[in-house]
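Here's the letter readout for the chains.
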Amino acid sequence: MNGPGGVLALVAWGTVVGLDLTTFAQVLLSRPLVAATGAGLLLGEPMVGVQVGLVLELFALDVLPVGASRYPDYGPAAIGAVALMAGRHGETGAWLGLAIGYGLAGALLGGASLSLLRLLNTRWARRASAGLAAGDQRLVRRLQWRGIMTDLARGALLTLLLVAGAGALASLIPEALDLAPVSALAVGAGLAAAAGGAYRNAGRGPRPRWLIAGLGAGLILALAR
Amino acid sequence: MRHGFWRSYCRLLAVQGAWNYERMTGIGLGYAAQPLLEDLRTADPARHAEAQVRSVEYFNSHPYLAGLALGAQVRAEDEAAPGELVVRLRTALTSPLGSLGDQFFWAGLVPAVMGSLILALVLGAPPAAVWVAVGGYAAVRLWTGFWALRTGLATGPQIGAVVGHSWLSRWAPGVGSAAGFILGVTLPVAAGHLLEGFGTRDLSFGLLTAALGLVGGIVFGPRLNSVRFGLVTLLGGFLFWGLR
């Protein structure tokens, strides 16, 4: 994994990606396809990043990050999944399923860490309620920055944990293991997730018709290739 | 541009920085309000103190559109609107701004952009296409934030009517339809690309998993979300093929 420098670069990228999920800017950096491609570039294997990112993105298309709902954090998880697959030129198909499974577990862990962050923010805000009711501006600034910095630490720690875990897992799995069927299952589950998300988001009105028209056009395009 | 506009704009980019279950984005919005309320501090210190308290109360909306509420609130404070009216304005904006933003961005533009990106990569675009998509989306997001704060400040308490006739409301259904079409095109093409190279047996397992996952998701709803289904399927597959 390119040594400590590579791990440090991945953690730095994971920190940015973790912040992008809800705390700062939200400009798609936390999408698994973007996070994984960035990780692949950092590890000198952009196509591995794209491959992992494509499948995890199918799962992420099923998620609506609305308000107080709980949702998985795919960004650092995608980075961990790429770290697991990096360095396996030519056998990416066989290891893809394992990497996707690892990414999904990491996304759940990331979602849980986000809920924990929100609980911490709630506790801090509750403790500060008297000062907030008195219009204390410095307290507002302090609460805001404490939340941002805690999320920054969350992204860094989560990425470090997932990248380190990927290294440990890779050393435990025998290289010769035939995991190609698991990779096919991962792609199938991802396609089900994306299709389910598209179906649920379509709702009523003209959108279902556009979805069906798109499916028709996509089938023709897929058969023509 | 009004004094403090750009500082507030930058702070709005992190409006969810202290998101919590009691005030939700209230603290983030209050932090972003501080530069815009500075003028009020010298003009009317008592009003400024009250406005600061109101600015951190409960608020939640789509994060990109929080500037509409912030601008409208600051304008109302400038015009010495009654405090109850300012609070009611914030409360009244919560649901419409949340719903409009979710419809336009989370359920529309984001899936449309990501679906287009998947399609482009599957059809042979280089990995650099990812950064083009991120750059384009970021430009829309940053401009929306600018538009929201500027419109809120220019409009004040009448913001609801302005938003109702804005480009966001007009374009939201079209963006949703475009997202539906793009995802429809993407799914079969991505399936063909990602399942290419697998043998007949593995391909059958992949397609069967896709069918079971789709039907299971529709039948069982949130109880069988995609992550759970994916994890259970992969764990089962790994135990079956990996430990043989």
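Residues numbered from 1 in each chain as written. Chains lettered and ligands numbered in written order. Predicted model: local features only at pLDDT ≥ 70, side-chain atom pairs only at ≥ 80, totals over all residues. Heavy atoms only, no water.

**Thoughts on the nonpolar core**
Put simply, the rule reads: Think of a nonpolar core as a cluster: buried Ala, Val, Leu, Ile, Met, Phe, Trp, Tyr and Cys residues, connected wherever their side-chain atoms sit within 4.5 Å. Burial here depends on accessible area, computed with a 1.4 Å probe over protein chains only, as a share of the maximum for the residue type. Under 20% is buried, over 50% is exposed, and the range in between is partly exposed. We count a stretch as a helix when DSSP gives it H or I for four or more residues in a row; a strand needs E for two or more, and each element gets its number in order from the N terminus.
Among the nonpolar cores identified, the biggest contains 131 residues, and Ile-100 of chain A together with Leu-70 and Tyr-137 of chain B are the most heavily contacted of them. Ranked by the residues each element gives to this core, the list is headed by helix H5 (residues 83–122) of chain B, at 16 residues. Ala-125, Leu-132, Leu-139 and Val-140 of chain A belong to the second largest nonpolar core, which has 11 residues in total.

**What about the layout of surface pockets?**
A probe as big as a water molecule, rolled over the atoms, marks out the empty space that is left. Definition in use: Only protein atoms enter the calculation, which uses a 1 Å grid: trapped sets of points that fit a 1.4 Å probe without letting it out are cavities, open sets showing protein on both sides within 12 Å along at least five of seven lines are pockets, and any residue with an atom within 4 Å of a point is a lining residue. Grid points are joined across faces, edges and corners, and a volume is the space filled by probe spheres set on the points. Just so you know the grouping, Ala, Val, Leu, Ile, Met, Phe, Trp, Tyr, Cys and Pro go in nonpolar, Asp, Glu, Lys and Arg go in charged, and all remaining residues, Gly too, go in polar.
Counted as a void, the largest pocket has a volume near 610 Å³. Every residue lining the largest pocket is counted, 30 residues in all, and those nearest its centre are Asp-62 and Val-63 of chain A together with Pro-222, Asn-225 and Ser-226 of chain B. Secondary structure elements with two or more residues in the lining of the largest pocket: helix H5 (92–127) and helix H8 (180–202) of chain A together with helix H9 (200–220) and helix H10 (226–242) of chain B. No other element matches the six residues that H8 of chain A contributes to the lining of the largest pocket. The residue inventory of the lining of the largest pocket, partitioned by class, reads 17 nonpolar, nine polar and four charged. For the second largest pocket, the calculated volume is near 310 Å³. For the second largest pocket, the lining is made up of 18 residues, of which Met-47, Gln-51 and Leu-54 of chain A together with His-193 and Leu-194 of chain B are closest to its centre. Looking at the lining of the second largest pocket, the elements that each hand over two or more residues are helix H3 (46–60) and H5 of chain A together with helix H8 (167–194) of chain B. With five residues, H3 of chain A is the largest single contributor of residues to the lining of the second largest pocket. Of the residues contributing to the lining of the second largest pocket, the split by class is 12 nonpolar, five polar and one charged.

**Remarks on the interface of chain B and chain A**
Defined as follows: Should any heavy atoms of two residues lie within 4.5 Å, those residues are counted as being in contact. The term buried area means the drop in 1.4 Å probe accessible area that two parts suffer when joined, counted for both and summed. The term salt bridge refers to a side-chain nitrogen of Lys or Arg lying within 4 Å of a carboxyl oxygen of Asp or Glu. Under this definition, polar contacts are N or O atom pairs within 3.5 Å; protein pairs additionally need one hydrogen-donor-capable and one acceptor-capable atom, and for neighbouring residues in sequence, both atoms have to be side-chain atoms.
Taken together, the contact pairs 82 residues of chain B with 96 residues of chain A. Buried area between chain B and chain A, both sides added, is near 7,700 Å², and the carbon and sulfur share of it is 74%. Our enumeration of links across chain B and chain A arrives at one salt bridge. Residue Glu-22 of chain B is joined to Arg-126 of chain A by a salt bridge in which the shortest nitrogen-to-oxygen separation is 2.5 Å. Our count for the contact surface shared by chain B and chain A stands at 16 residue pairs in polar contact (both at pLDDT 80 or more). It is H8 of chain B that provides the largest number of residues to the side of chain B that touches chain A, a total of 14 residues. Each residue belonging to the side of chain B that touches chain A can be placed in one class, and the counts come to 51 nonpolar, 23 polar and eight charged.

**Some words on empty space enclosed by the protein**
If you walk through the whole model with that rule in mind, you get four cavities of 30 Å³ or more. Estimates place the volume of the largest cavity at around 330 Å³. If you go around the largest cavity, you meet 24 residues; those closest to its centre are Leu-21, Ser-30, Arg-31 and Pro-65 of chain A together with Val-110 of chain B. Counting only elements with at least two residues in the lining of the largest cavity, the list comes to helix H1 (3–22) and helix H4 (74–85) of chain A together with H5 of chain B. Considering each element in turn, the lining of the largest cavity owes the most residues, three residues, to H5 of chain B. Grouping the amino acids of the lining of the largest cavity by side-chain chemistry returns 17 nonpolar, four polar and three charged.

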